[in-house]
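One letter stands for each residue in the lines below.
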Amino acid sequence: MQIAKVRGTVVSTIQDPSLRGVKLLMLQLVDENGNLLPKYEVASDNSVGAGIDEWVLVSCGSAARQVPGNEKRPVDAAVVAIIDTIYVEDRLIYSKKDQYR
């Protein structure tokens, strides 16, 4: 899994029929210190309901197709959780409640 920040949405009017109704998010990957990386990923969000500026966990590769509902979809990244806090070596890297103050 990877950590990412939701930067926006992706809308496509012409798509594979299996993607109809699937929310697609533009994510910016985050490093272990909480810094935004210059790398982006488009991921499906079928059940989590993540929004702009939230930090999320992203499952990539074949693991993304193990998320219920994605088994037969052509996705290689899926949002699987919204992050509340991240600690690395007893250091707070991210807190959702501090983000909105």
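Residues numbered from 1 in each chain as written. Predicted model: local features only at pLDDT ≥ 70, side-chain atom pairs only at ≥ 80, totals over all residues. Heavy atoms only, no water.

Looking now at the overall build of the protein. Counting its secondary structure elements, the protein contains one helix and seven strands. Each helix and strand of the protein, ordered N terminal to C terminal, gives the series β-β-β-β-β-β-β-α. Taking 101 residues into account, the globule formula puts the C-alpha radius of gyration at 13 Å, and the protein, at 14 Å, falls close to it. Considered along the principal axes of its C-alpha atoms, the protein spans approximately 45 × 25 × 25 Å. Buried positions account for 36% of the 101 residues belonging to the protein. Restricting to contacts in the protein with at least 6 residues of sequence separation, those with at least 24 account for 52%. Within the structure as shown, the protein displays about 6200 Å² of accessible surface, and the carbon and sulfur contribution to it stands at 50%. Both charge centroids of the protein, one from 12 positive and one from 13 negative side chains, sit 6 Å from each other. (Helix = DSSP H or I, 4+ residues; strand = E, 2+ residues; numbered from the N terminus. Rg over C-alpha atoms; globule rule 2.2 N^0.38 Å. Buried < 20%, exposed > 50% of the residue type's maximum accessible area, 1.4 Å probe, protein only. Contact = heavy atoms within 4.5 Å. Areas by Shrake-Rupley, 256 points an atom, 1.4 Å probe, with all protein chains shown as cover. Lys, Arg positive; Asp, Glu negative; His and termini not counted. Charge placed at Lys NZ, Arg CZ, Asp CG, Glu CD.)

Moving on, we get to the side chain of S95. Mapped onto the elements, S95 comes out in strand β7 (residues 91-95). The buried category is assigned to S95, whose relative accessible area is 9%. Setting aside anything within four residues of it in sequence, one finds S95 in contact with D84 and T85.

That's the geometry; what it means functionally is another story.
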